Amino acid sequence: MSKDYDSILDTMVAAAREAGELTQAHFKRFRDLEIGVKGPGDFVSDADRESEQLIRKRLFEIDPTWSLTGEEFAPVDGSDPEHRWLVDPIDGTTNFLNGQHYTITIALRRGNQTLCGLVYDPVADEMFTAKKGGGAFLNGERLQVSRSTDVAMMCVGTGLPTPNLQLYPGAYQRLDAIRAPIGAVRIVGSAANSCAWVACGRLTGYFEETGFVDTAAGILLVEEAGGIVTDWWGRGPEVFERTGCLVVANAATHAYLLGQLKDVPPKNPAT
């Protein structure tokens with residue numbers, strides 16, 4: 001049976017906005033939130049769980065046979081073997097817990113393709129959406145990655161994990177490798193939002209060792225805005241799903257980052 005993915009994306013947007021209202025109610029009293037610890041530097045709040053529960057309910061109303069992978073609860077394997085939702089109910093949880101911008105991200109996959117996705121920043125009320133082959137948009141306005149080719153004007157996003165995190169080894173060597181002679185390095189604090197910022201030209205590129213649930217929608221945004229998506233060694237998004245080493249950028253920044261990152265730990269993992 002054919003699916004109306006425009007209508008599905010509309011439902012995703014409505015679910016994200018509803019989750020945005022819920023999380024904003026918590027966000028406004030961020031100093032008083034009850035926080036559980038999942039691991040060093042990896043926090044979870046009631047807002048995460050409530051947001052994911054709400055989104056799950058809305059998405060399963062579209063088709064209860066589809067599967068879902070989220071950040072806070074066990075995956076659901078539905079009877080439909082093709083379709084799977086990817087949901088991060090609050091991407092940038094540390095930002096959220098400190099009263100800074102965070103995002104809600106939802107992607108719909110069919111097999112190994114992302115069909116549509118969104119990244120929503122409730123604080124700024126910015127809704128980034130994309131549909132495969134249909135372009136990328138911010139609040140309805142079509143997006144295009146930055147056209148800048150000047151290395152001195154490149155503005156690159158990344159993340160800097162603390163030493164007790166698994167992602168720490170090599171992080172500061174990579175920062176040192178890319179930071180000169182580019183114009184600026186920015187830490188947005190949300191992988192999904194970082195990808196969205198590349199898609200709309202606020203960043204010329206972004207690299208980080210990160211997760212696919214967080215970034216599937218953002219990757220589609222960058223692709224549909226004319227950007228390039230690979231791992232740190234130039235291999236496509238399907239390889240990033242295994243390595244976790246993501247680069248999204250305009251063409252010039254992508255070439256620069258690959259040249260600087262390829263020899264910095266972690267070494268190129270086998271495919």
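The structure under discussion appears in the preceding block.
Just so it is clear, the model here is predicted, and its values are computed rather than measured. The residue count restarts for each chain, going from 1 along the sequence in the order it is written. For a predicted model such as this one, the threshold for reporting local features is a pLDDT of at least 70, and the threshold for listing and counting side-chain atom pairs is 80 or more; totals across whole chains, interfaces and linings nevertheless cover every residue. Side-chain metrics in this entry use all non-hydrogen atoms of the structure; hydrogen atoms and water are not considered.

Novice: I would appreciate a short explanation of unusual backbone geometry in the present structure.
Specialist: Of the consecutive residues alanine 180 and proline 181, the connecting peptide bond is found in the cis state with omega at 15°. Labels follow the DSSP assignment, with helices taken as runs of H or I lasting at least four residues and strands as runs of E lasting at least two, numbered in each case from the N terminus. Locating proline 181 in the fold gives a position in the loop between helix 4 (171-178) and strand 11 (184-186). In this structure, aspartate 125 takes a positive phi of about 55° despite not being glycine. In this fold, aspartate 125 is placed in the loop between strand 6 (113-121) and strand 7 (126-131). Accessibility here uses a 1.4 Å probe with only protein chains present; expressed as a share of the type maximum, an area under 20% marks a residue as buried, one over 50% as exposed, and anything in between as partly exposed. A residue is classified by how much of its surface remains accessible, and aspartate 125, at 38% relative accessible area, is partly exposed.

Novice: Is there a simple way to explain the pattern of salt bridges in this structure?
Specialist: Side-chain pairing between opposite charges can occur once the charged atoms of the two side chains come close. Only one rule defines a salt bridge in this text: a Lys or Arg side-chain nitrogen within 4 Å of an Asp or Glu carboxyl oxygen. Taken as a whole and judged by the stated rule, the model has 12 salt bridges. Its salt-bridge partner being arginine 109, residue glutamate 241 comes within 3.0 Å of it at the nearest N-O pair. Pair noted here: glutamate 241 is in helix 7 (residues 237-243) and arginine 109 is in strand 5 (residues 103-110), with a separation of 132 residues, a long-range link. Residue classification places glutamate 241 among the partly exposed residues on the basis of a relative accessible area of 36%. Residues participating in the shared-partner salt-bridge network are Glu18, Arg58 and Glu61.

Novice: Which parts of the structure should I look at to understand the sheet that holds strand 13 (residues 228-231)?
Specialist: Within a sheet, adjacent strands bond to each other through the backbone by hydrogen bonds, running parallel or antiparallel. Across the sheet, which stays open at both edges, the five strands sit in the order 11-10-12-14-13 with mixed pairing between neighbours. Where the open sheet ends on each side, the last strands, each with one partner, are strand 11 and strand 13. With direction set aside, neighbouring strand axes in the sheet form an average angle of 20°. Here, strands pair whenever DSSP counts at least two bridges between them. In this sheet, strand 14 (residues 245-249) lies alongside strand 12 (residues 205-209) in antiparallel orientation, the contact comprising five bridges. Bridging from a neighbouring strand, glycine 205 pairs with alanine 249 of strand 14. By definition in these notes, contact holds between two residues if any of their heavy atoms fall within 4.5 Å. Working convention: axes come from line fits to C-alpha atoms, limited for helices to the stretch in contact. Angles between N-to-C directions cover 0 to 180 degrees. Sheet strands in contact with helix 5 (residues 191-199) are strand 12 and strand 14, and its direction is about 155° off that of strand 12.

Novice: I keep staring at the nonpolar core and nothing clicks. Help me out?
Specialist: Across soluble globular proteins, nonpolar side chains have a tendency to be buried as a group. Nonpolar cores are built from buried Ala, Val, Leu, Ile, Met, Phe, Trp, Tyr and Cys residues. Side-chain atoms within 4.5 Å join them into one set. Counting residues in each nonpolar core, the largest one holds 33 residues, and the members touching the most others are Leu221, Leu246 and Val248. Going through the elements one at a time, strand 7, strand 8 (136-138), helix 5, helix 6 (212-224) and strand 14 are the ones with two or more residues in this core. The element best represented in this core is helix 6, accounting for eight residues. With near-sequence residues (within four places) excluded, leucine 221 lies in contact with Val119, Phe128, Thr129, Ala130, Ala136, Ala196 and Ala199. Membership of the second largest hydrophobic core comes to 22 residues, among which are Ile55, Val87, Ile106 and Met127.

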